Amino acid sequence: MSYPEVIYDRATGVAADTVAKHAEPQPLVFYAGWFCPYVQRNWIALEEKGVPYQYKEVNPYKKDPHFLAVNPKGLVPSAEVNGKALYESLVINEFFEDFFPDTPKLLPEDPVERARARIWIDYISKTVVPAFRQLVLAQDPAEQSKALSNYYEALKPFIEQIAPGGPYFLGAKFSLVDATIAPWVVRDFIHTKYRGYERSAAGEAWEKYSQAIETRDSIVNTSSDKEYYKQIYAKYLQD
Ligand SMILES: N[C@@H](CCC(=O)N[C@@H](CS)C(=O)NCC(=O)O)C(=O)O
């Protein structure tokens, strides 16, 4: 999937207020793009931890020379700490966990549960996110219907593992598993409007989980207005 040539240059809605609160220089610089779901994974973790960070909006498709000097890969999210660049959203979230030890933990302490959380983070990355992307890309009706079934299939094993009663994947405590999938829950209104997707079709547990995710403060506070997300996918959608 390719993003549009022209991307709105800043966050909107509640996310814009969060950006404004993080304009001052800090030892941790977070290079972000408001539109990017991978960025939102890290942004959610920073908000959950309540740590100081400087938010810098970057258009990764314009490759500003300073940004390329920080991160030669030229991808957002990136974090700059002590003059070093870190990238890859899953690595950055684990880094926050290590770098800010006295903040709310987003991975379980128990080694077995910790490993299990990582298994489902990996599952989201390798199975749920690609299925979501295929559903965006699908154009003719037969392709769309197949991609929709595949998306429900991809969600199924994840849904079966949501802690009974939730509200979060591991139970009462919000974790990196939730932060990893949340940006795709925030953006699923696209599939509801254009691809016939219904959360309820994936079952009550998924509906409740999605609701808990999209109303969580850290997620609300890092989400832009829906119309701007829609523009990102516009070339794949027919009104
Ligand atoms: N695997 C990376 C993916 C990051 C990514 O694809 N970011 C996109 C924006 S959503 C980007 O920076 N693209 C710029 C490019 O492809 O040149 C992660 O998890 O951080």
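- Named according to an unreviewed UniProt entry, the chain is Glutathione S-transferase originating from Exidia glandulosa HHB12029.

### Digging into the packing of helix H2 (residues 37–49) against helix H4 (residues 89–99)
So, step 1. The geometry of H2 relative to H4 is characterised by a closest axis approach of 9 Å and an angle of 10° between their N-to-C directions. Classified by the angle between their axes, H2 and H4 sit roughly parallel to one another. From H2, Tyr-38, Arg-41, Asn-42, Ala-45, Leu-46 and Lys-49 reach across to H4, where they touch Ser-89, Leu-90, Ile-92, Asn-93, Phe-96 and Glu-97.
So, step 2. Partitioning the contact of H2 with H4 into residue classes produces 6 nonpolar, 3 polar and 3 charged.

### A closer look at the domain arrangement of the chain
So, step 1. Along its sequence, the chain is organised into domain 1 (13–99) and domain 2 (111–236).
So, step 2. Taken over C-alpha atoms, the centre of domain 1 sits 22 Å from the centre of domain 2.
So, step 3. Domain 1 puts 19 residues into the contact, and the matching count from domain 2 is 27 residues.
So, step 4. Interface area for domain 1 against domain 2, summed over the two sides, is near 2,100 Å², with a carbon-plus-sulfur share of 56%.

### Digging into the packing of helix H6 (residues 141–160) against helix H9 (residues 204–214)
So, step 1. Between H6 and H9, the shortest axis-to-axis distance is 10 Å and the interhelical angle comes to 80°. The angle between H6 and H9 falls in the class roughly perpendicular. Across from Leu-155, Phe-158 and Ile-159 in H6, the residues of H9 making contact are Ala-205, Trp-206 and Tyr-209.
So, step 2. Each residue belonging to the contact of H6 with H9 can be placed in one class, and the counts come to 6 nonpolar, no polar and no charged.

### Some thoughts on the site of the ligand
So, step 1. With respect to spatial proximity, the complete set of residues near the ligand consists of Tyr-3, Phe-35, Cys-36, Tyr-38, Pro-60, Tyr-61, Lys-63, Leu-75, Val-76, Pro-77, Glu-88 and Ser-89.
So, step 2. Here a nitrogen atom of the ligand and a backbone polar atom of Val-76 are 2.8 Å apart.
So, step 3. Residue Ser-89 places a side-chain N or O atom 2.6 Å away from an oxygen atom belonging to the ligand.
So, step 4. Partitioning the shell around the ligand into residue classes produces 9 nonpolar, 1 polar and 2 charged.

Scoring rules and cut-offs
- Residues numbered from 1 in each chain as written.
- Predicted model: local features only at pLDDT ≥ 70, side-chain atom pairs only at ≥ 80, totals over all residues.
- Heavy atoms only, no water.
- Axes fitted to C-alpha atoms, helices over the stretch in contact; angles between N-to-C directions.
- Helix = DSSP H or I, 4+ residues; strand = E, 2+ residues; numbered from the N terminus.
- Parallel < 35°, antiparallel > 145°, perpendicular 65-115°, else oblique.
- Contact = heavy atoms within 4.5 Å.
- Nonpolar A, V, L, I, M, F, W, Y, C, P; charged D, E, K, R; others polar.
- Domains from an automatic or database assignment.
- Buried area = accessible area lost by both parts, 1.4 Å probe.
- Near = heavy atom within 4 Å.
- Polar contact = N/O pair within 3.5 Å; in protein donor to acceptor, adjacent residues only side chain to side chain.

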